[in-house]
Amino acid sequence: MPEPADDAVPRLRVVTRELPPMDDVLAYTTPYDPLFWSRRGESLAAFGDLLTLRYVGAQPGDATISERWRAIAAAAEVDDPVQLPGTGLVALGSFVFDPRSERENVLRVPGMIVGRHGGRAWVTRLAFDDTPDEPEPELPPRSPFGPHWSATLGPGRQTAEKYQDAVRQAIEAIGAREVAKVVLARDIVGTVPAGSDLRRLVRSLLEGYPDCWVFAVDGLIGASPETLVTVSGGTVTARVLAGTVARGGDADADVAASIALSRSQKDQDEHRFAVQSVLKALGPHTSSLAAEDQPFTLKLPNVWHLATDVEGVLSEDASSLDLLSVLHPTAAVAGTPTTTAMEVIRRLEPFDRGRYAGAVGWTSASGDGEWAIALRCAQVDRAAPSSPTAPITAYAGAGIVADSVPESELLETRVKFRPIVEALA
């Protein structure tokens, strides 16, 4: 369960000021612990730990976290004439996949944020209200990038052979009607040089996957193609991805791969389970909710996905943080029915996923925010004292249904590993 919260609500003072337009903000976060969020050039780069909420065992968006954030936001003094997504009081967060995980959920309020949206830029300074008054916030100095580095990677606890065995056991569970679908992941592990500038990894992902959510929160760094939920002015949107095939080696093969995916009954079934889980979760919290009848094929640099966009109007005073607990985990990363699929995952995966396949993103004082599912990512942990290296673990998974083929599911994980493995090379 979460640690008991201090009854005293911290009072924050937040000031946002507009800056001249800028192309890149990554250099304004720290090399060793980057705090960053970006998609299509719209970015938040933060540094400093003003206030951090950490919990073990709490579901994302549960009352302890969301009510604590609501109280902090209500007590804050916010001076924000810019009024863009990501201005004012903002916290960046990352939450575990499984509430039984031993890893921490984290919601971090930084001391400074530099952001850009719609061609405009700003700086936000955040402080406790008893801090002596400071001059108007100005753009802080950029932190020079450190030297290039590469990781050493190898098989994890779920080797290729063990993964295929786990897929066979999952198919047996589906045949026994224990579940209709279950998502199984495998891991690769390795090391990075201690003291590496982790922004180098972020930069590589930004350049290779600009249409994905590129994130860095508490050592979890990745480029996710899947929106969990976005809330903006009472409108809620989500993008569901389930069903995957590798891109073709040439134009003709690529078109054929896309067509084959759209016609694959196995992938269509897997996708339908994922969409229904999102609609069921959001339904009670919306006054209207719509999804396309048929998925479209989404092209990424290395894969095609089946994708469906969902949009609705919130029917209550719910925040993006509140919606995480009703949406997560979706069938796209757990299975159907979700509760039973989680038990199968615990039985068949020999590791704690941590914050892989959990929620990652940001929330504002108003409750607006953007949250993705933490996919195509790796967790970089702190190096032990005097150690020349720091441990890193990357994850990738595939949705298993009745007619899944173990060798094909293994290949799918290899394709999904590619973005983070190539960025670490």
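All values derive from a computational prediction rather than experimental measurement.

K.L.:
Account for the overall build of the protein chain, naming residues and giving values.
P.N.:
Assigned secondary structure in the protein chain consists of eight helices and 23 strands. Here the C-alpha atoms of the protein chain give a radius of gyration of 21 Å, agreeing with the 22 Å that 2.2 N^0.38 yields for 425 residues. Projected onto its principal axes, the C-alpha positions of the protein chain cover 65 × 50 × 45 Å. Looking at the protein chain as a whole, 57% of its 425 residues are labelled buried. For the protein chain, long-range pairs separated by at least 24 residues make up 75% of all intrachain contacts whose partners lie at least 6 apart in sequence.

K.L.:
Tell me what's going on with unusual backbone geometry, and back it up with residues and numbers.
P.N.:
With an omega of -5°, the peptide bond running from His 328 to Pro 329 counts as cis. Topologically, Pro 329 is positioned in the loop between helix 6 (320-327) and strand 19 (335-336). Cis geometry is found at the peptide bond from Thr 336 to Pro 337, where omega equals -10°. Positioned with a positive phi, Gln 83 is a non-glycine residue whose angle comes to about 55°. In this structure, Gln 83 sits in the loop between strand 5 (77-79) and strand 6 (90-94). When its relative accessible area of 61% is taken as the criterion, Gln 83 is described as exposed. Backbone geometry places Arg 376, a non-glycine residue, at a positive phi of 45°.

K.L.:
Quick rundown of the pattern of salt bridges? Include the residues and the values.
P.N.:
Any two side chains of opposite charge can pair, so long as their charged atoms come close to each other. Evaluated as defined, the whole model comprises 29 salt bridges. Among the ionic pairs, Arg 203 bridges to Asp 24, the shortest N-O distance being 2.5 Å. Residue Arg 203 is located in helix 3 (residues 199-208), and its partner Asp 24 is located in the loop between strand 1 (12-19) and strand 2 (35-39); the two are separated by 179 residues in the primary sequence. We note a salt bridge from Arg 54 to Glu 104, for which the minimum N-O separation is 3.2 Å. Residue Arg 54 is found in strand 4 (residues 51-55), and its partner Glu 104 is found in the loop between strand 6 and strand 7 (105-109); the two are separated by 50 residues along the sequence.

K.L.:
How would you sum up the environment of Lys 299? Please name residues and give values.
P.N.:
Structurally, the position occupied by Lys 299 is in strand 17 (residues 296-299). Distance from Lys 299 to Ala 246, taken between C-alpha atoms, is 10.0 Å for residues 53 residues apart in sequence. Ignoring any residue separated from it by four or fewer positions in sequence, one finds Lys 299 in contact with Arg 247, Asp 254 and Trp 304.

K.L.:
Tell me what's going on with the confidence of the model for the protein chain, and back it up with residues and numbers.
P.N.:
Here the protein chain shows a mean pLDDT of 91. Residues at 70 or above account for 97%. Confidence drops under pLDDT 50 across residues 1-5; counting only partners more than four residues distant or on other chains, this segment forms eight contacts.

K.L.:
Report on the side chain of Gln 379, specifying residues and quantitative values.
P.N.:
Mapped onto the fold, Gln 379 is located in strand 22 (residues 377-380). The exposure class of Gln 379 is buried, given its relative accessible area of 8%. Of note is the side chain of Gln 379, whose polar atom sits 3.2 Å from the backbone oxygen of Asp 218. Reaching out from Gln 379, the side chain makes a polar contact with the side chain of Arg 355 at a distance of 2.9 Å. Those residues within four positions of Gln 379 in sequence are excluded, and the remaining contacts are Arg 103, Asp 218, Gly 219, Leu 220, Arg 355, Pro 391, Ile 392 and Thr 393.

K.L.:
Tell me about the pairing of strand 17, and please be specific about residues and values.
P.N.:
Bridging between strand 17 and strand 18 (residues 303-314) involves four bridges; their strand directions are antiparallel. What sits directly across from Phe 296, in strand 18, is Ala 307. Counted along the chain from strand 17 to the antiparallel partner strand 18, the turn is three residues long.

Each value, and the rule that gives it
Residues numbered from 1 in each chain as written. Predicted model: local features only at pLDDT ≥ 70, side-chain atom pairs only at ≥ 80, totals over all residues. Heavy atoms only, no water. Helix = DSSP H or I, 4+ residues; strand = E, 2+ residues; numbered from the N terminus. Rg over C-alpha atoms; globule rule 2.2 N^0.38 Å. Buried < 20%, exposed > 50% of the residue type's maximum accessible area, 1.4 Å probe, protein only. Contact = heavy atoms within 4.5 Å. Salt bridge = Lys/Arg side-chain N within 4 Å of Asp/Glu carboxyl O. pLDDT = per-residue confidence, 0-100. Polar contact = N/O pair within 3.5 Å; in protein donor to acceptor, adjacent residues only side chain to side chain. Pairing = 2+ DSSP bridges.

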